[in-house]
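Here is how the chains run, residue by residue.
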Amino acid sequence: MRITMIGAGYVGLVSGACFADFGHHVTCVDHDARKIDDLCNARIPIFEPGLDQLVAANVRQNRLRFTTELKQAVAESDAVFIAVGTPSRRGDGYADLSYVYAAAKEIAAAIVGYTVVVTKSTVPVGTGDEVERIIRESRPDADVEVVSNPEFLREGAAIADFKRPDRIVVGTQDERAIAVMREIYRPLYLNQSPIVLSSRRTAELTKYAANAFLAVKITFINEIADLCERVGGDVQDVARGIGLDNRIGSKFLHPGPGYGGSCFPKDTLALVKTAQDAGSPLRIVETVVAANDQRKRAMARKVIEACGGTVRGRTIAVLGLTFKPNTDDMRDSPALAIITGLQDAGATVRAFDPEGMPNAKALMPDVDYVADPYSCADGADALVIVTEWDAFRALDLQAVKARLRSPVFVDLRNVYPPAEAERAGFSYTSIGRPGGEDKAGVRS
Ligand code: UDX
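Remember, predicted model here, so these are calculated numbers, not experimental data.

Considerations on the sheet that holds strand S11 (residues 368-369)
Here comes step 1: Spatial ordering of the open sheet is given by S11-S10-S9-S12-S13-S14, a layout of six strands whose pairing is parallel. Sheet topology places S11 and strand S14 (427-429) at the edges, where each strand pairs with a single neighbour.

Right, dumping it as structure tokens:
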């Protein structure tokens, strides 16, 4: 198949490279000439494990190319994917669809022969109808079908998620379009990844419902963690105890400082707006959005409490800045709210992150960035893990403690067993867990 991918951002680049790897001929188009120039010179603008090799291999095989010229690519394609950004509109939380509609107009002008136009960007229900209207208005002659095919990639695991998806959601009732989509995803179909066929509107909603449900799950376990702290339970045991129930499932039950990233915060907000406008409010999701926002700020207070009630004039060492490990993405990262909260309370913040520091510097220039976890701890009054990078999982706790001015350790991702941290001499605080003394009063 010949495919055009419009938008060489996170979703477009990963999807384009994976489709090329399936054997299709893919052209990634982006208006950003610098980005295209970088890609043509094998410079990948985002950090995603394995993506550079995948892109390089498929460029070498002449199955993947990058250009700013949309017209010819679209004219030659069987399928054109729209994978442009749908950011939260400033001020009101609605998804900004201007890039999607602009792409639809450009595609309309370029279509030759039967073409399937596929929306991969996360778009509110009904956007596919509008994309179709735009195309038909300017090209009533065009032989085109507009399909919804949302992606469920996680940053940091995007290639594996693309190649081994739990399911592929395809929203169209047109038999010809279904045949094209089946052909595009054939290698996965052979691996028995189920294709869920539905109407276009249903597919659009499925994507938002999936993200909102996962956000609910995370927020639920975060609140159970808070309750554990109040009443003396261990949230890790609760998560295991409920997660082994197949009806609940063990994934996305890790308590932490609140969810962030490019999807959950934006998509939950957009879904809330859609539901309110439709007169069918999603009260659970509304509450989750508010609880998660408050949680990020509350984490700064947790650190301040662990420091004895004040951080004025103190130095706090922060390990991990990105919203999750294996990405350089700082969008809506809890670290932003936590660090701002600590600075507002009079602390100086020193930080280390394996990949996120260049992006973090642009957002938080007044943080002292250092080259490794140990120099981060040097002379600091407390150490805080905000993101669970592998590099922080096996720290030499004695060496860290020796560098700190006082042995205060706040682990917002429950990376360390409390008993281990306490044995190393730390005053250790984590999320929803008692100290190293277990329920029977026996030190583990
Ligand atoms: C998410 C969805 O998982 C993916 O299907 C969708 O396509 C895009 O949004 P992503 O944002 O890359 O992917 O990251 P994800 O791994 O889902 O984590 C999102 C946030 O939730 C992170 O801040 C993470 O730390 C947090 N999280 C996740 C938890 O706090 N606990 C968990 O158990 C899982």
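As for the site of the ligand
Here comes step 1: Not every one of the 18 residues close to the ligand is listed here, only the nearest: Phe-152, Leu-153, Glu-155, His-254 and Lys-324.
Here comes step 2: A distance of 3.1 Å separates an oxygen atom of the ligand from a polar side-chain atom of Lys-207.
Here comes step 3: His-254 places a main-chain nitrogen or oxygen 2.9 Å from a nitrogen atom of the ligand.
Here comes step 4: For the ligand, whose accessible area on its own is 660 Å², the fraction buried by protein is 94%.
Here comes step 5: A total of three residues in the shell around the ligand trace back to one element, the largest contributor, which is helix H10 (residues 200-231).
Here comes step 6: Here the shell around the ligand spans two domains, and each of domain 1 (2-198) and domain 2 (200-444) adds at least three residues to it.

Some thoughts on the pairing of strand S1 (residues 2-6)
Side-chain positions along a regular strand alternate between the two faces of the sheet.
Here comes step 1: A large share of S1 lies buried, amounting to four of its five residues.
Here comes step 2: As defined by bridge partners, S1 adjoins strand S2 (residues 25-29) across five bridges and the pair is classed as parallel. Bridge pairing links Ile-6 to Val-29 in S2.
Here comes step 3: Read as a crossover between parallel neighbours, the route from S1 over helix H1 (residues 10-21) to S2 is right-handed.
Here comes step 4: Relative to strand S4 (residues 79-82), S1 is paired through four bridges, and the arrangement is parallel. Bridging from a neighbouring strand, Ile-6 pairs with Ile-82 of S4.

Let's talk about helix H2 (residues 33-40)
Here comes step 1: Measuring from the side-chain oxygen of the N-cap residue of H2 to the backbone nitrogen of Arg-34 gives 3.1 Å; that N-cap residue is Asp-32.
Here comes step 2: Downstream of H2 by a residue or two, Ala-42 has a phi angle that is positive, lying close to 65°.

Notes on the pairing of strand S7 (residues 168-171)
Here comes step 1: Taking every second residue as pointing to the same face, both faces of S7 are buried, with Ile-168 and Val-170 on one and Val-169 and Gly-171 on the other.
Here comes step 2: Where S7 meets strand S8 (residues 195-198), four bridges bridge the pair, whose relative direction is parallel. If you follow Val-170 over to S8, its bridge partner there is Leu-197.

Some remarks on the packing of aromatic side chains
Here comes step 1: Counted by the stated rule, this structure contains twelve aromatic pairs.
Here comes step 2: Measuring from centroid to centroid gives 5.9 Å for Phe-22 and Phe-162, while their planes differ by 40°, and the two rings are tilted. Note that Phe-22 is positioned in the loop between H1 and S2 and Phe-162 in helix H7 (residues 158-163), a separation of 140 residues in sequence. Here the two residues Phe-22 and Phe-162 agree in accessibility, since each one is buried.
Here comes step 3: Look at Phe-352 and Phe-392: their rings are 6.0 Å apart centre to centre, the planes differ by 70°, and that puts the pair in the edge-to-face class. With a gap of 40 residues between them, Phe-352 in strand S10 (residues 348-352) and Phe-392 in the loop between strand S12 (382-385) and helix H17 (397-403) connect regions that are remote in the sequence.
Here comes step 4: Looking at Phe-352, the relative accessible area reads 10%, which means it is buried.
Here comes step 5: Over the aromatic face of Phe-152 sits the side chain of Arg-167, whose NZ or CZ is 3.6 Å from the ring centroid.
Here comes step 6: When the ring centre of Tyr-114 is taken as origin, the NZ or CZ atom of Arg-176, which lies over that ring, is 3.7 Å away.

Focus on the nonpolar core
Here comes step 1: The biggest cluster of nonpolar side chains holds 57 residues, and the ones touching the most others in it are Ile-316, Leu-321, Leu-342 and Phe-409.
Here comes step 2: Look past the residues within four positions of Leu-321 in its chain and what remains in contact with it is Met-330, Ser-333, Ala-335, Ile-339, Ala-351, Asp-353, Met-357, Ala-360, Met-364, Tyr-369 and Thr-387.
Here comes step 3: Core analysis: the second largest hydrophobic core is formed by 40 residues, Ala-8, Val-26, Ala-79 and Val-170 among them.

Analysis parameters
Residues numbered from 1 in each chain as written. Predicted model: local features only at pLDDT ≥ 70, side-chain atom pairs only at ≥ 80, totals over all residues. Heavy atoms only, no water. Pairing = 2+ DSSP bridges. Helix = DSSP H or I, 4+ residues; strand = E, 2+ residues; numbered from the N terminus. Near = heavy atom within 4 Å. Polar contact = N/O pair within 3.5 Å; in protein donor to acceptor, adjacent residues only side chain to side chain. Areas by Shrake-Rupley, 256 points an atom, 1.4 Å probe, with all protein chains shown as cover. Domains from an automatic or database assignment. Buried < 20%, exposed > 50% of the residue type's maximum accessible area, 1.4 Å probe, protein only. Right-handed = clockwise from strand over helix to strand, strands pointing away. Phe/Tyr/Trp six-rings, centres within 6.5 Å; stacked < 30°, edge-to-face > 60°. Lys NZ or Arg CZ within 6 Å of the ring centre and 35° of its normal. Core = buried A, V, L, I, M, F, W, Y, C linked by side-chain atoms within 4.5 Å. Contact = heavy atoms within 4.5 Å.

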